[in-house]
Amino acid sequence: QVQLVESGGGLVQAGGSLRLSCAASGRTFSTYTMGWFRQAPGKEREFVAGITRSGRNTYYSSSVKGRFTISRDNAKNTVSLQMNSLKPEDTAVYYCAAKWVAGPTILINQYEYDYWGQGTQVTVSS
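Only a predicted model underlies this, so the values are computations on that prediction, with no experimental measurement involved.

Enquirer: Describe in detail the pairing of strand S9 (residues 92-100), supporting the description with residues and values.
Expert: Note: strand S4 (residues 32-39) against S9, 8 bridges, orientation antiparallel. Bridging from a neighbouring strand, Arg38 pairs with Tyr94 of S9. Two strands pair when backbone bridges link them, and S9 and strand S11 (residues 120-125) are joined in this way by 3 bridges, in the antiparallel orientation. Its bridge partner being in S11, Tyr94 is matched across the sheet by Thr120. With 2 bridges connecting them, S9 and strand S10 (residues 115-116) associate as antiparallel partners. From the neighbouring strand, Ala98 faces S10, where its bridge partner is Tyr115.

Dropping the structure here:
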């Protein structure tokens with residue numbers, strides 16, 4: 001069982017930056033692939049970024065590539081999302097997700113993840 005708690009959301013002006021963090025419980029965090037998703041009002045939840053167990057490999061949606069950076073610290077059981085050059089269309093509730101995997105896997109399908117945080121609101125004003 002893994003519990004995930006996001007933090008770091010807030011209100012920021014367009015062009016600004018925010019750093020989201022997700023703290024995970026448990027002693028086997030390094031065996032979980034991690035992902036960040038977001039859901040804007042009236043829209044489906046969408047993949048933002050994913051990272052392998054070791055942190056060596058990452059993958060981003062085209063809408064955030066070059067602006068967002070996902071990273072993890074397995075010693076601290078945390079995964080982070082650094083968001084730069086924020087745009088109003090980045091406004092959403094952001095969720096971190098986890099799934100135990102046997103190898104270096106990144107999952108972009110939300111239905112493949114087993115554990116979710118409660119979400120943190122990010123609002124970007126124009």
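Enquirer: Give me the lowdown on the packing of aromatic side chains, citing residues and values where you can.
Expert: Summed over the entire model, instances satisfying the criterion amount to 7 aromatic pairs. Taking the centre distance of 6.4 Å and the plane angle of 80° together, the rings of Tyr95 and Trp116 count as edge-to-face. With Tyr95 in strand S9 and Trp116 in strand S10, the pair connects residues that are 21 residues apart, well separated along the chain. Clustering of aromatic rings is evident, with ring pairs tying together Phe37, Phe47, Tyr59, Tyr95, Tyr113 and Trp116. In this arrangement the basic side chain of Arg72 is found over the ring face of Phe29, its NZ or CZ atom lying 4.4 Å from the centre.

Enquirer: I'd like a rundown of unusual backbone geometry, residues and numbers included.
Expert: Although it is not a glycine, Asn77 adopts a positive phi angle of roughly 55°. Relative to the helices and strands, Asn77 is located in the loop between strand S7 (68-73) and strand S8 (78-83). At Ser85, a position not held by glycine, the phi torsion is positive, near 50°. On the secondary structure map, Ser85 appears in the loop between S8 and S9.

Enquirer: Explain the pairing of strand S1 (residues 4-7) residue by residue, including any values.
Expert: Only one face of S1 is covered, namely the one carrying Leu4 and Glu6; the face carrying Val5 and Ser7 has none of its residues buried. Pairing geometry for S1 and strand S3 (residues 18-24), over 4 bridges, is antiparallel. Looking at the pairing, Glu6 lines up with Cys22 of S3.

Rules used in this analysis
- Residues numbered from 1 in each chain as written.
- Predicted model: local features only at pLDDT ≥ 70, side-chain atom pairs only at ≥ 80, totals over all residues.
- Heavy atoms only, no water.
- Pairing = 2+ DSSP bridges.
- Helix = DSSP H or I, 4+ residues; strand = E, 2+ residues; numbered from the N terminus.
- Phe/Tyr/Trp six-rings, centres within 6.5 Å; stacked < 30°, edge-to-face > 60°.
- Lys NZ or Arg CZ within 6 Å of the ring centre and 35° of its normal.
- Buried < 20%, exposed > 50% of the residue type's maximum accessible area, 1.4 Å probe, protein only.

From the geometry alone we can't say anything about function, so treat these as descriptive.
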